[in-house]
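Coordinates in review
Below, each chain spelled out in residue letters.
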Amino acid sequence: MGDERVLVSFTCQRCLQPIKIDETFDRIDEHKLAELSLPINSNIDVDLESQAMSFDQFVPPFGFRDSGAANFEAFRRIRDGSGKVLTQYAVYGTGTNGFMLISDVWDNDVGSHKMKVKAELFDKLSSNSEIDHPLCDECTDTLLEMMDQQLKLADNDFNDYLSYLKKLEASEDVPDIEQLEKELADLSTEEERLVAELAMLKTQEEAIKVSIEGQQAEQERLRDEQVKYWREYTKHRRDLMATEDEFRSVENHLAYAQSQLDRLKKTNVFNVTFHIWHSGHFGTINNFRLGRLPSAPVDWSEINAAWGQTALLLSALARKMNLTFKRYKLVPYGNHSYIEEFETGKQLPLYGTGGIRFYWDTKFDAAMVAFLDCLQQFKDEVEKGDSGFCLPYKMDKGKIEDSATGNSYSIKIQFNSEEQWTKALKFLLTNLKWGLAWVSSQFADDKLDD
């Protein structure tokens with residue numbers, strides 16, 4: 001069935017829908033063709049071009065393309081600008097995606113005498129009007145509706161003109177010829193006067209143009225002077241603004257430097273450099289925790305850094321007071337700080353590494369006991385100059401006593417629990433903070449360059 005061909009004579013010249021012409025049109029004699037060749041007289045001029053847009057938008061359903069089951073033959077023609085038929089051809093519908101050209105319509109394989117008769121009939125009709133034939137029923141109905149609308153508009157215009165004509169014919173006003181001639185003579189006199197006045201005004205216009213040219217030249221000179229003036233003004237204004245900006249910048253720098261100087265004068269170097277506080281059960285110095293707990297195993301690198309900051313602080317306080325420790329020498333060396341014994345020359349490390357061997361090494365404990373001894377010497381030196389000074393926790397032979405409870409805590413890590421060792425270190429930092437506050441109050445007016 002895919003190759004079956006359904007013969008359709010022509011297609012609609014508007015919507016291209018295939019149409020089949022009635023068989024009665026197959027037999028038309030020459031007399032009827034001659035009558036159809038006569039021009040069609042119509043009082044209504046149908047403007048198809050102005051209606052082309054609305055008419056071309058009408059696209060009826062195309063059954064053959066949608067079905068895809070049948071093929072068909074159709075007829076198309078091509079005209080020139082005057083409406084003359086240039087060529088005509090047959091098209092063969094594929095049923096799926098449009099048309100393809102088969103051959104000239106008068107080919108023996110496609111055309112026939114009947115089709116030739118029908119084509120000649122439609123050519124006669126198309127040449128006598130602005131409408132290409134044939135048309136399908138839908139396009140014909142649309143065209144008739146358009147022509148009805150044009151007819152109604154023409155009838156309305158005719159009625160309006162007819163009414164106005166009757167109104168003019170019924171008017172009884174007759175123009176007065178003498179009065180009109182007198183008015184014409186007066187108008188001629190007025191025209192001569194106005195022409196003379198126009199000539200005088202033209203003379204004045206020429207004089208004014210000359211004056212305007214002189215004024216324009218003066219205006220150009222003044223404009224150049226103004227541009228020069230504003231250019232110089234802008235330059236001086238820019239220099240003034242730059243100078244003012246520089247002056248304000250210098251003032252701002254001076255005010256900032258003065259504020260920084262005032263702030264530095266009020267700043268205590270020790271308080272800024274060494275911040276001693278607490279974090280839960282731990283004492284901290286510059287946010288480094290000093291101590292360990294089973295629930296919070298602090299890394300030894302943090303503990304070593306805290307001991308380095310502690311040694312540096314005590315060394316700086318002693319140097320500020322011109323204090324030289326007996327028996328020991330503090331050597332701040334970051335997270336590898338140590339204490340040197342004067343008698344033996346041993347270096348006692350203030351840092352640990354952890355592990356089983358470390359807990360049996362007594363050098364770290366000896367270093368912490370030596371540090372506590374140095375802090376006790378610092379306390380004794382402060383009390384010589386200020387009898388009212390007293391640290392919150394007593395220190396004696398490697399132990400720190402809590403005066404509130406009377407309990408003593410060893411600074412050593414061997415044979416000691418981590419909780420008690422951490423508490424002893426916290427008390428040590430508290431005593432050191434009190435010593436820092438006393439030095440800061442005594443030397444507030446000095447330059448703490450150390």
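Residues numbered from 1 in each chain as written. Predicted model: local features only at pLDDT ≥ 70, side-chain atom pairs only at ≥ 80, totals over all residues. Heavy atoms only, no water.

On to the UniProt feature "coiled-coil region" (unreviewed entry) in the protein, then. Under the local residue numbering, the UniProt record ascribes the feature "coiled-coil region" (unreviewed entry) to residues 177-204. End-to-end, the C-alpha atoms of residues 177-204 are 40 Å apart, and along that stretch the chain is 100% helix and 0% strand. (UniProt positions renumbered as here; feature names shortened; annotations may be inferred. Helix = DSSP H or I, 4+ residues; strand = E, 2+ residues; numbered from the N terminus.)

We now examine helix 8 (residues 300-320). The terminal C-alpha atoms of helix 8, which comprises 21 residues, lie 30 Å apart, in line with the 30 Å expected from a rise of 1.5 Å per residue. Within helix 8, 17 of the 21 residues are buried, which leaves the element mostly enclosed by the surrounding structure. (Expected span 1.5 Å × (residues − 1). Buried < 20%, exposed > 50% of the residue type's maximum accessible area, 1.4 Å probe, protein only.)

The next subject is the packing of aromatic side chains. Per the stated rule, a full pass over the model turns up 9 aromatic pairs. With a centroid separation of 5.3 Å and an interplanar angle of 90 degrees, the aromatic rings of Trp-230 and Tyr-233 are classed as edge-to-face. Taken as a pair, Trp-230 and Tyr-233 lie in helix 6 (residues 177-266) at a separation of 3 residues, close to a single helical turn. (Phe/Tyr/Trp six-rings, centres within 6.5 Å; stacked < 30°, edge-to-face > 60°.)

Our next topic: the sheet that holds strand 14 (residues 399-402). The sheet built from 3 strands is open, its strands ordered 13-14-15 with antiparallel pairing. The sheet is open, and its two borders are formed by strand 13 (393-396) and strand 15 (408-410), each paired with just one other strand. Here the strands of the sheet are splayed against their neighbours by 25 degrees on average, with no regard to which way each runs. Bridge count between strand 13 and strand 14: 4 bridges; the pairing is antiparallel. Note that in strand 14 the partner of Lys-394 across the bridge is Glu-401. With respect to the sheet, helix 10 (residues 363-385) is in contact with strand 13 and strand 14, its orientation differing from that of strand 13 by roughly 120 degrees. Along the sheet face, helix 11 (residues 418-442) touches strand 13, strand 14 and strand 15 and points at about 105 degrees away from the line of strand 15. (Pairing = 2+ DSSP bridges. Axes fitted to C-alpha atoms, helices over the stretch in contact; angles between N-to-C directions. Contact = heavy atoms within 4.5 Å.)

What follows covers the side chain of Asn-304. By secondary structure assignment, the location of Asn-304 is in helix 8. Discounting chain neighbours no more than four positions away, the residues touching Asn-304 are Gly-334, Asn-335, Leu-350, Tyr-351 and Gly-352.

To continue, consider the packing of helix 10 against helix 11. Their axes nearest at 11 Å, the elements helix 10 and helix 11 cross at an angle of 30 degrees. Comparing their axes, helix 11 and helix 10 come out roughly parallel. In the packing of helix 10 onto helix 11, the handedness of the crossing is left-handed. Along the contact surface, helix 10 presents Phe-364, Met-368, Phe-371, Leu-372, Leu-375, Phe-378 and Val-382, while helix 11 presents Trp-421, Leu-428, Asn-431, Leu-432, Gly-435, Trp-438 and Val-439. (Parallel < 35°, antiparallel > 145°, perpendicular 65-115°, else oblique. Left-handed = near helix turned anticlockwise from the far one by under 90°.)

Phi at Arg-327 takes a positive value of approximately 75 degrees, unusual for a residue other than glycine. Tracing the backbone through its elements, the reader meets Arg-327 in the loop between helix 8 and strand 10 (328-331). Judged by relative accessible area, which is 43%, Arg-327 ranks as partly exposed. Residues other than glycine seldom take positive phi values, yet Lys-397 does so here, at roughly 50 degrees. Locating Lys-397 in the fold gives a position in the loop between strand 13 and strand 14. Judged by its relative accessible area of 79%, Lys-397 is exposed.

In this structure the tally under the stated criterion is 0 disulfides. We note that Cys-136 lacks a disulfide partner, and the nearest cysteine sulfur, in Cys-139, lies 3.4 Å from it. Residue Cys-136 is classed as buried on the basis of its relative accessible area, which comes to 3%. (Disulfide = S-S within 2.5 Å.)

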